[in-house]
Amino acid sequence: MVDSKNEKTVELLIKAYNAELETVMNYLANSMHLDGFRAKHVKDSLAADVTEELGHAQQLAARIKILEGKIPGSQAMQWTQTSLQPPADQLDIVSVIKGVIEAEEGAIELYQSIIEAAEEAGDPVTADLCTTIKGDEEEHRREFKGYLAEAEAMLV
Ligand SMILES: [Fe+2]
Ligand SMILES: [Fe+2]
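Residues numbered from 1 in each chain as written. Chains lettered and ligands numbered in written order. Predicted model: local features only at pLDDT ≥ 70, side-chain atom pairs only at ≥ 80, totals over all residues.

Looking at the nonpolar core
Counting 33 residues, the largest nonpolar core has L13, A16, V42, I97, Y111 and I114 as the members making the most contacts within it. Elements with a contribution of two residues or more to this core: α1 (7-33), α2 (40-66), α3 (93-120) and α4 (124-155). No other element matches α3, which puts 12 residues into this core. Apart from residues lying up to four places away in sequence, Y111 is in contact with A16, C130, I133, K134 and E137. (Core = buried A, V, L, I, M, F, W, Y, C linked by C-beta atoms within 7 Å. Buried ≥ 20, exposed ≤ 12 C-beta atoms within 10 Å, placed from the backbone. Helix = DSSP H or I, 4+ residues; strand = E, 2+ residues; numbered from the N terminus. Contact = placed C-beta atoms within 7 Å.)

The following block contains the structure:
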């Protein structure tokens, strides 16, 4: 049974767990889907991130368990990453890069809200975990902002 002071934190941890798993699916799909030499770095980077995002999901699941929450199965999940669906045009790396930046922005915001909820509940361990994960997502966002700058420059 989740302690009432941790209810908000656990609810947000479950939301983040769902988002990480959706990210795993969409990074995996896009890491295979794109074509062309311009897509090489984006594909390699997404393939590497699949493992990292899955690691985040595992860390979140462990924390949900410790706080006595229930880790959801697939049928309790919601899938919302519209902008990360593999594009019809397999050369359209810009849409994938923009989708990644949007997903990372969403993750950064969500981790910030978990940090705040955990701090309010007097739970520095969850706040610390989510601070580290937030740092990883900021790194991903920066990497893909660099790809976006290059991809847009190449289109001129
Ligand atoms: Fe992540
Ligand atoms: Fe990420």
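Additional details are given in the paragraphs that follow.
Remarks on the packing of α1 against α3
It is at 10 Å that the axes of α1 and α3 come closest, and there the two elements cross at 165°. For the element pair α1 / α3, the angle class is roughly antiparallel. The interaxial crossing formed by α1 with α3 has left-handed handedness. Residues K8, T9, L12, L13, K15, A16, A19, T23 and N30 of α1 touch α3, and the partners they reach there are V96, A103, G106, A107, L110, Y111, S113, I114, A117 and A118. By residue class, the composition of the contact of α1 with α3 is 12 nonpolar, 5 polar and 2 charged. (Axes fitted to C-alpha atoms, helices over the stretch in contact; angles between N-to-C directions. Parallel < 35°, antiparallel > 145°, perpendicular 65-115°, else oblique. Left-handed = near helix turned anticlockwise from the far one by under 90°. Nonpolar A, V, L, I, M, F, W, Y, C, P; charged D, E, K, R; others polar.)

Considerations on α3
Over its 28 residues, α3 runs 41 Å from end to end, which matches the ideal 40 Å to within 8%, given 1.5 Å per residue. G122 occupies a position one or two residues after α3 and carries a positive phi of about 70°. (Expected span 1.5 Å × (residues − 1).)

Let's talk about unusual backbone geometry
Even without being a glycine, E68 presents a positive backbone phi close to 65°. Counting through the fold element by element, E68 comes out in the loop between α2 and α3. Residue E68 is classed as exposed on the basis of its C-beta count, with 11 C-beta atoms lying within 10 Å.

These results come straight from atomic positions and should not be treated as a statement about function.
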